[in-house]
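Listed here are the chains, written in short residue letters.
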Amino acid sequence: MAVFAVQYTYLDDAQRLATFRPEHREHLAELHRDGTLLLSGPLDDGSEALLIVVADSAEDALAALDGDPFKREGVIVDRVAREWNVVIGQLPGA
């Protein structure tokens, strides 16, 4: 298993984001409980987010997030997964 930094870029539609945010957060909480998602949160002005995921590959990291309601509803316009080699410090569950 490796650690992946996944960056989401969101649709520029605050109302649509707000509508599906509770379901999105509950889904991510489930992934956190099962150990797949280590950390997540918005970046800067909230138009993007960073998610730290444990997976075997970048493809698997994205696949683990495929059930996100934001993806289902077209709120995510771009997703990028990159392997992140933590050199200093420790991530919970990594």
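The paragraphs below set out a description of the structure included in this document. (Residues numbered from 1 in each chain as written. Predicted model: local features only at pLDDT ≥ 70, side-chain atom pairs only at ≥ 80, totals over all residues. Heavy atoms only, no water.)

### Looking at the pairing of strand β1 (residues 2-10)
Okay, step 1: Taken across its nine residues, β1 has seven buried, putting it largely inside the fold.
Okay, step 2: Judged from the eight bridges that link them, β1 and strand β3 (residues 48-55) form a sheet pairing that is antiparallel. Looking at β3, one finds that alanine 2 is bridged to alanine 55. (Buried < 20%, exposed > 50% of the residue type's maximum accessible area, 1.4 Å probe, protein only. Helix = DSSP H or I, 4+ residues; strand = E, 2+ residues; numbered from the N terminus. Pairing = 2+ DSSP bridges.)

### Some points on the pattern of salt bridges
Okay, step 1: A complete count under the given rule lists six salt bridges for this structure.
Okay, step 2: Its salt-bridge partner being arginine 33, residue glutamate 26 comes within 2.9 Å of it at the nearest N-O pair.
Okay, step 3: Classification of glutamate 26 as partly exposed rests on a relative accessible area of 39%.
Okay, step 4: Here glutamate 73 ties to arginine 72 by a salt bridge, and the two come within 2.8 Å at their closest N and O atoms.
Okay, step 5: When salt bridges with common partners are traced through the structure, they connect Arg16, Glu23, Arg72 and Glu73 into a single cluster. (Salt bridge = Lys/Arg side-chain N within 4 Å of Asp/Glu carboxyl O.)

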